[in-house]
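The chain contents come next:
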Amino acid sequence: MNKIDVSLENVVETIKAFYDPAAHHFLTLNALRAPEDQIELEWIFTRYGVIEEPTVFTLTCKRDVLIPSVTSFIPSAIMSERETVDMFGVSIEGAKRGLYLDDDSLQMPLGRCRV
Amino acid sequence: MKKTVEIPLGSQHISLLEPIRFRFHCENEVIRDVDADVGFVHRGVEEACASRFEFKQVGYVVARVCGLCAITHSLGYTLAVEKLLHVSTNERIKYLRMLMVELDRIHSHMLCLAHTSENAGFEALFMQIMNDRELIMDVQEALSGNRVQFDYISIGGVNRDLSVEAAALVLRNLALLEPKIDELFERFTNNWSLSLKYRGIGALSLEQAYMYNTLGPLARAAGLVTDVRLETDDFPYAQVGFEIITERGGDIYARNLVRLRELKQSMQMVRNIVEGLPEGAIQEKTKGKPEGEAIARVEAPRGELMYLVRGNKTSILERVRIKTPTFSGIPAMIEIFKGSNFADAPAILASFDPCMSCTAK
Amino acid sequence: MLNAFIQALKNLVSKPVTLQYPLAQDIVLPPQYRGLIEYSAEDCIFCDKCEHACPPRAIIFFQEENGDKVYRYNPHLCIYCGECVRACPKPEEALWQSEKKQPFAVRAENVNSEWKVWEERCHSSREAFAAAKKAKKAAKAQSESVQGDL
Amino acid sequence: MSFWSKWRKRAPWILHYNAGSCNGCDIEILAALSPRYDLERFGVLNSGNPKQSDIFLVTGPVTYRSRERLIELYMQIPEPKVVVAVGACTATGGVFRGMYNVEDGIDRYIPVDVYVPGCAAGPQLIIDGVMEAVKIWERKTQEIEEPFKLFGGMGKIGEALSRRNTLEVKDEQNRREP
């Protein structure tokens, strides 16, 4: 896969410049715990109808910052953003909690430190 | 004076197989807005795959994410792990895997057609399709030992070989099914009362399809050329006669037509696979622990299924990300509901073939 | 319309597709149906491989104080994937997947809570055995060191 | 009354609820209702209404969000009712046992009468389970109906209770003997 590193400031501009609705297909937003209380986010794109390796935009940032949202030009990203918010306990612009988890269930199950 | 009425549908309803709750905001008969609550089936598979199970067991766990596309889940996971372990499988394993996936597609599409017709109020057709579907279920049971959860694919190969009797059974049952599918084709295209429920209802335009990143039969019915069988080279699909199928219109009728044509094509592909099965072993040797990151994509009956697996040289994986077809289809689904009649809601919902247990994992 | 009429008449005289399952005829399960897991204690070498391979942990071994192990299996927890049989070093002799249909259980059989008790007892028996073994080893080592000192 | 109840006893209706299963058992229940296996020849009808149902078919380990609905549906079914747990994950949690968002098995919440094994439970196993459920349901109906006849009311109730106890003891004996 083609990995492109982005930073917190230019993530939305980079993806917006890259994304072409008629050619590109937004797969999903993946997140991963990184050391030192950081989180690694990956936006994954492929092309329609062509054999091509997926393009991945990678961002590593602190867990407590507000992560910008890409839903303004990719409306279908809202589901993966809400899922990431639920599972990792991060905050993404415009994404509500409570897609999967209730108040009385285990909160941010994937964002916890594993023993 | 316009007044909106809230009508809930779900979580338990006769037209729903699975728990999902909609709240329709209606003006008279017309739906203006929809809220969907999809988290009823959330079990926490992603977390469990990365903490409780070893990487050899995860294939059987992710198959239980969804019973309808169980084989594509285990195939997607296995492909990703095989990339990490640097295993390449021989042609026979690839053909046997394709065989199971295509059989699964046939039974899933038939279930969807049956469900659509039931929700359109045509119960006799539902019973007829469910009866014809048993032919495929028999084949699956004979090939894998179970009707729904196949557990056919393991890391490095497949668990069972295709015996001569099973191959004969596949060909015989397909020959029995062929005229019935033709009859269904005629029924879905020419029946007037079905066309009232299907034609022009729940339409999705090509622009909307691009905008909402739709996938699977939903996108192909709108004319969007997307199919993972075309976009990846993990399997020799072109050799067994795969061609992309698209329709125009994007309504329920077009979606049914896409599914029917894919059924016929899948049957032809199964026949080609069984007849041209190459020789070889059914299990390759694997060793080592997964390390690195890999993405595998498979075409499930409902669309694209993605697995992202990351390992760190231990037997427990670091991350398993599952992107399921219905999960990315929900924004488009909500968009289609807006502006259609409330009475059409169950038929539209069934035509998506939503799989909530995939969505919530 | 005419076709439908002919079809309806045909269906009136044709044989029903329904299998009269529990009343008159039995459903024939195909060969190699993935049914109940069966076990033979005589051939088992107690390597615990099936226990580690089982995804839902439906097979556990109870450790007795004299070192023997007892096999326990819950058919209501088993997912019939066959992974235990593939992991077994002596398949078809010690552990095999039969073609038998699984039996159902009623309330009195208590398949869930009784199994919870079993699980806990098996774990505690393991721990007690391991602790006893460790204590024995430590005692032995101590006595050896005492002898060495002397 | 007895004239009609003879027919009523032969038509137990089914309510099906998915409490978080993988769909496998649900489509097998649909297949059991379809022409090949045809549960409906026993008078069983899949109704979507809890107030008209007698047999409650549940699939899936109970997830946090569905447990309230599960109990609500169970409370709405009129007595006598029978609960059938279809599939491994409904009985004990199956492969999802111990995951953070599930409650291993439905018998934590509602009493279960019949456990159907299998992952996914095949139609013949489901038919077996439903047939057993019908038997249990008939027994429960008798227990409820008899005291209301008011022929020596208290005596009848005592008799019914003692018979139920002996039946349960018998069940246990039957289970232990083999």
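In the block above lies the structure referred to throughout.
Residues numbered from 1 in each chain as written. Chains lettered and ligands numbered in written order. Predicted model: local features only at pLDDT ≥ 70, side-chain atom pairs only at ≥ 80, totals over all residues. Heavy atoms only, no water.

Details of the overall build of chain B
Broken down by element type, chain B carries 14 helices and eight strands. Scaling as 2.2 N^0.38, a compact globule of 361 residues should have a C-alpha radius of gyration of about 21 Å, and chain B matches this with 21 Å. Its C-alpha atoms give chain B principal-axis dimensions of roughly 70 × 45 × 35 Å. Within chain B, the fraction of its 361 residues that count as buried is 69%. (Helix = DSSP H or I, 4+ residues; strand = E, 2+ residues; numbered from the N terminus. Rg over C-alpha atoms; globule rule 2.2 N^0.38 Å. Buried < 20%, exposed > 50% of the residue type's maximum accessible area, 1.4 Å probe, protein only.)

Topic: the sheet that holds strand β1 (residues 2–5) of chain A
All names here are of chain A. Taken in spatial order, the four strands of this open sheet run β1-β4-β3-β2, and their pairing is mixed. Unpaired on one side and paired on the other, β1 and β2 (24–34) mark the two borders of the sheet. Between one strand and the next, the sheet's axes are offset by a mean angle of 25°, whatever the strand orientation. Sheet topology places β2 next to strand β3 (residues 38–47); ten bridges connect them, and they run antiparallel. Residue pairing across strands places His24 opposite Arg47, the latter belonging to β3. Here helix α2 (residues 78–88) sits on the sheet and contacts β2 and β3; the angle it forms with β2, its principal contact strand, is near 10°. (Pairing = 2+ DSSP bridges. Axes fitted to C-alpha atoms, helices over the stretch in contact; angles between N-to-C directions. Contact = heavy atoms within 4.5 Å.)

A short note on the interface of chain B and chain A
Counting residues at the interface gives 40 residues for chain B and 41 residues for chain A. Between chain B and chain A lies a buried interface of about 3,200 Å² when both sides are counted; carbon and sulfur atoms form 59% of it. For the chain B face of the interface with chain A, the top three residues by lost area are Asn213(B), Arg319(B) and Phe327(B), together amounting to 18%. Run the count over chain B and chain A and you get four salt bridges. (Buried area = accessible area lost by both parts, 1.4 Å probe. Salt bridge = Lys/Arg side-chain N within 4 Å of Asp/Glu carboxyl O.)

A few points about the sheet that holds strand β4 (residues 82–86) of chain D
Pairing within the open sheet is mixed, and its five strands lie in the order β5(C)-β6(D)-β4(D)-β2(D)-β1(D). Of all the strands in the sheet, just β5 (105–106) of chain C together with β1 (14–18) of chain D have a single pairing partner and so form its edges. Examined bridge by bridge, β1(D) and strand β2 (residues 55–59) of chain D share five bridges and lie parallel to one another. Paired with Leu15(D) across the strands is Phe56(D), a residue of β2(D).

Details of the environment of Val84(D)
Residues and elements named next belong to chain D. Relative to the elements of secondary structure, Val84 occurs in strand β4. Given the relative accessible area of 1%, Val84 is considered buried. Linking Val84 and Ala133, residues 49 residues apart in sequence, is a C-alpha distance of 7.0 Å. Among all residues touching Val84, those that are not within four sequence positions of it are Ile55, Phe56, Leu57, Val58, Val114, Val116 and Ala133.

Quick word on the environment of Met98(B)
Residue and element names in this part refer to chain B. If you trace the backbone, Met98 turns up in helix α4 (residues 91–119). Assessed through its relative accessible area of 1%, Met98 is described here as buried. Measuring from C-alpha to C-alpha, the distance between Met98 and Ala175 comes to 19 Å, with 77 residues separating the pair along the chain. Apart from the residues within four sequence positions on either side, Met98 is in contact with Phe235, Pro236, Tyr237, Val240 and Ile273.

A short note on the pattern of salt bridges
Using the criterion set out here, one finds 45 salt bridges over all chains in the structure. For the salt bridge of Glu82(B) with Arg97(B), the shortest nitrogen-to-oxygen distance reads 3.0 Å. Within this pair, whereas Glu82(B) is found in helix α3 (residues 70–85), its partner Arg97(B) is found in helix α4, the two being separated by 15 residues in sequence. Owing to a relative accessible area of 4%, Glu82(B) belongs among the buried residues under this scheme. The shortest N-O distance in the salt bridge between Lys101(C) and Asp128(D) comes to 3.0 Å. Linking Lys101(C) in the loop between β4 (95–97) and β5 with Asp128(D) in helix α5 (residues 123–145), this pair reaches from one chain into another.

Digging into a nonpolar patch on the surface
A cluster of nonpolar side chains, namely Phe5(C), Leu9(C), Leu12(C) and Val13(C), defines an oily patch on the protein surface of about 480 Å² accessible area. With respect to the helices and strands, Val13(C) occurs in helix α1 (residues 2–13). (Patch = residues over 30% accessible without salt bridge, like charges linked within 9 Å, V, L, I, M, F, W, Y side chains within 5 Å. Areas by Shrake-Rupley, 256 points an atom, 1.4 Å probe, with all protein chains shown as cover.)

Brief notes about the packing of aromatic side chains
Residue and element names in this part refer to chain A. For the structure shown, the criterion picks out 19 aromatic pairs over all chains. Seen in terms of ring centroids, Phe18 and Phe57 are 5.1 Å apart; in terms of plane orientation they differ by 65°. Their pairing is edge-to-face. A residue pair is termed long-range when its members are at least 10 positions apart, and Phe18 in helix α1 (residues 11–18) and Phe57 in strand β4 (residues 55–62) qualify at 39 residues. Exposure remark for Phe18: the relative accessible area of 24% places this residue in the partly exposed category. (Phe/Tyr/Trp six-rings, centres within 6.5 Å; stacked < 30°, edge-to-face > 60°.)

Some points on helix α3 (residues 67–76) of chain D
Residue and element names in this part refer to chain D. Those residues of α3 lying buried are Arg67, Leu70, Leu73 and Tyr74. Projection of α3 onto a plane perpendicular to its axis shows the buried side chains occupying an angular sector of 125°, all on one side. Across from the buried face of α3, at angles greater than 90 degrees, the exposed residues are Glu68, Glu72 and Met75. As for α3, its buried residues are in contact with β1, β2, β3 (62–63), β4 and β5 (102–103). (Arc of directions from axis to C-beta.)

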